[in-house]
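Analysis of the macromolecular model
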Amino acid sequence: FFHCRQEEAAACMYATRERLLAVGVTAAMVGALLSRRRVAQGLLALSRLASSAAASPTAPLSGCLYRYKHPSWPAPLQAFESPAAHAHRKYCVYIGGLTDGLLACSYVEALGAALDERGWSLVQPVLSSSYAGFGCSSLQRDADELAQLLRHIADREEGDAEFALVGHSTGCQDAVTLLRTAPPELRCRVRAAVLQAPVSDRESQTVEQDSDGSRGRLLAEAEAKLAAGEGEALLSQKYYGFVPISASRFASLVGRDGPDDLFSSDFTDERLAAKLGHMGLAGQRATAPSHPGLRTLFCFSGGYDYNA
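Everything in this summary refers to the structure shown in the same document. (Residues numbered from 1 in each chain as written. Predicted model: local features only at pLDDT ≥ 70, side-chain atom pairs only at ≥ 80, totals over all residues. Heavy atoms only, no water.)

1. What about the packing of aromatic side chains?
This is how the line gets drawn: In summary, the pairing rule links any two rings of Phe, Tyr or Trp, Trp by its six-membered ring, whose centres are within 6.5 Å, and it sorts them by plane angle into stacked for under 30 degrees, edge-to-face for over 60 and tilted for everything else. Secondary structure is summarised from DSSP: a helix means a run of H or I of at least four residues, a strand means a run of E of at least two, and numbering begins at the N terminus for each. When accessible area is computed with a 1.4 Å probe and restricted to protein chains, residues below 20% of their type maximum are described as buried, those above 50% as exposed, and intermediate ones as partly exposed. In this scheme, the term charge over a ring applies when either NZ of a lysine or CZ of an arginine sits within 6 Å of the ring centre and within 35 degrees of the ring normal.
If you walk through the whole model with that rule in mind, you get seven aromatic pairs. When the ring of phenylalanine 134 is compared with that of tyrosine 239, the centres are 6.0 Å apart and the planes differ by 70°; the resulting orientation is edge-to-face. Placement of phenylalanine 134 in the loop between β4 (120–126) and α5 (139–156) and of tyrosine 239 in the loop between α9 (214–227) and α10 (247–254) is noted, with a sequence separation of 105 residues between them. You'll find phenylalanine 134 and tyrosine 239 in the same group, each marked buried. Consider the rings of phenylalanine 298 and phenylalanine 300, whose centres lie 6.3 Å apart with planes at 10°: the pair is stacked. Pair check on accessibility: phenylalanine 298 and phenylalanine 300 agree, each one buried. Through a chain of ring-to-ring contacts, three or more aromatic side chains come together here, namely Phe134, Tyr239, Tyr240 and Phe250. A cation over an aromatic ring shows up here: arginine 156 above the ring of tyrosine 66, its NZ or CZ 5.6 Å from the ring centre.

Here it is, written out as structure tokens:
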């Protein structure tokens, strides 16, 4: 959520953190998540990694840019895989947030170098929602495109591939959606998920000034179009002043309990559990009984660009 100021974002994240720690990060609710000690260790490691990236120049990422495509798509998408030459069979897929594309955050280069040292490749997809495309897309479309990327890599490796997902901002919602809707055989290959800077778009809107009431008018316009079966119609005003946005995506981002609304602090414990209960081994095995194991790290962040 690039539009929140640092102190406002931190306040939103703190409220959500308290609720998620009570609900989303308990083994009973979410499954076999990281222990509190391992969560703390993971947060510390990622914090040091981000601090190191910000404090010192990082060598540019080398890699291989390639296309991937589902037979039903009119055109392929692209992904950038680092390093350019490797023998790794483990892949960390990095998913940015709204308006993001390649190198979404300042720590990505350092993350790529650290992964390579540990036998992992970093993959940065360019989705149809990347950059200004999110206004006419959806979380489910993102999840479908990411699932095709996992399938492309797994087929290339003749089935010998494991994955971790690292989501930043709205990339967290993408990771959660992928792990709920992808086919079981693909979800079984995802062994870890990191949700870095998971924030509620709906709640972030409340910390921004809306002196002319345009947000409320646009939400009413979006809901009216949805009721008329015109969810893909564009609204009369661009999102953030430069992104054309459909009625369905605006309602999902700003309305209550839509597909994008996964981390709001005003949800009940039961509602959060329903939205996030699959983000652990117990939740995955409910629909994918042979899943070998999934761990999820909620990485709360307070910087302007949401670095840990």
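2. Topic: helix α6 (residues 170–181)
Using the following cut-off: To estimate the expected span of a helix, count its residues, drop one, and scale the result by 1.5 Å.
The end-to-end C-alpha distance of α6, which contains 12 residues, comes to 17 Å, matching closely the 16 Å that a straight helix rising 1.5 Å per residue would cover. Among the 12 residues of α6, 10 are classified as buried, and the element is accordingly described as predominantly covered. Looking at α6, one finds that the buried residues are Thr170, Gly171, Cys172, Gln173, Asp174, Ala175, Val176, Thr177, Leu178 and Leu179.

3. A look at the pattern of salt bridges
Selection rule: Throughout this description, the term salt bridge denotes a Lys or Arg side-chain nitrogen within 4 Å of a carboxyl oxygen of Asp or Glu.
Counted according to the given criterion, the structure contains 12 salt bridges. Among the salt bridges present, the one from glutamate 162 reaches arginine 191, with a minimum N-O distance of 3.5 Å. Note that glutamate 162 is positioned in strand β5 (residues 162–168) and arginine 191 in strand β6 (residues 190–196), a separation of 29 residues in sequence. Relative accessible area serves as the criterion here: at 29%, glutamate 162 is assigned to the partly exposed category. With a shortest N-O distance of 2.9 Å, lysine 275 and aspartate 257 are connected by a salt bridge. Note that lysine 275 is positioned in helix α11 (residues 269–276) and aspartate 257 in the loop between α10 and α11, a separation of 18 residues in sequence. Judged by its relative accessible area of 7%, lysine 275 falls in the buried class.

4. Comments concerning the pairing of β5
As a reminder of what qualifies: A pair of strands counts as paired when DSSP detects no fewer than two bridges linking them.
Counting buried positions along β5 yields six of seven residues, so the element is predominantly enclosed. Where strand β3 (residues 90–95) meets β5, six bridges bridge the pair, whose relative direction is parallel. The partner of tyrosine 91 across the bridge, within β5, is phenylalanine 163. By the bridge criterion, six bridges tie β5 to β6 in an arrangement that is parallel. Among the inter-strand pairings, glycine 167 is bridged to a residue of β6, identified as leucine 195.

5. Some details on the packing of α5 against α6
Helix-helix packing is characterised by the crossing angle of the two axes and by the distance between the axes. Note the cut-off: Interaxial angles span 0 to 180 degrees and are taken between N-to-C directions of axes, which are lines fitted to C-alpha atoms, for helices over the stretch in contact. Under this scheme an angle from 65 to 115 degrees is roughly perpendicular, one under 35 degrees roughly parallel, and one over 145 degrees roughly antiparallel; angles in between are oblique. Crossings are classed by handedness, with left-handed meaning an anticlockwise turn of the near helix from the far one by less than a right angle and right-handed meaning a clockwise turn. Two residues form a contact once any of their heavy atoms are found within 4.5 Å. Three classes are used: nonpolar for Ala, Val, Leu, Ile, Met, Phe, Trp, Tyr, Cys and Pro, charged for Asp, Glu, Lys and Arg, and polar for all others, with Gly counted as polar.
Contact geometry of α5 with α6 gives a least axis separation of 8 Å together with a crossing angle of 70°. With respect to α6, the element α5 is oriented roughly perpendicular. For the pair α5 and α6, the crossing hand works out as right-handed. Contacts between α5 and α6 involve Leu139, Gln140, Asp142, Ala143, Leu146, Ala147 and Leu150 on the former and, on the latter, Thr170, Gln173, Asp174, Thr177, Leu178 and Thr181. Residues that form the contact of α5 with α6 fall into these classes: six nonpolar, five polar and two charged.

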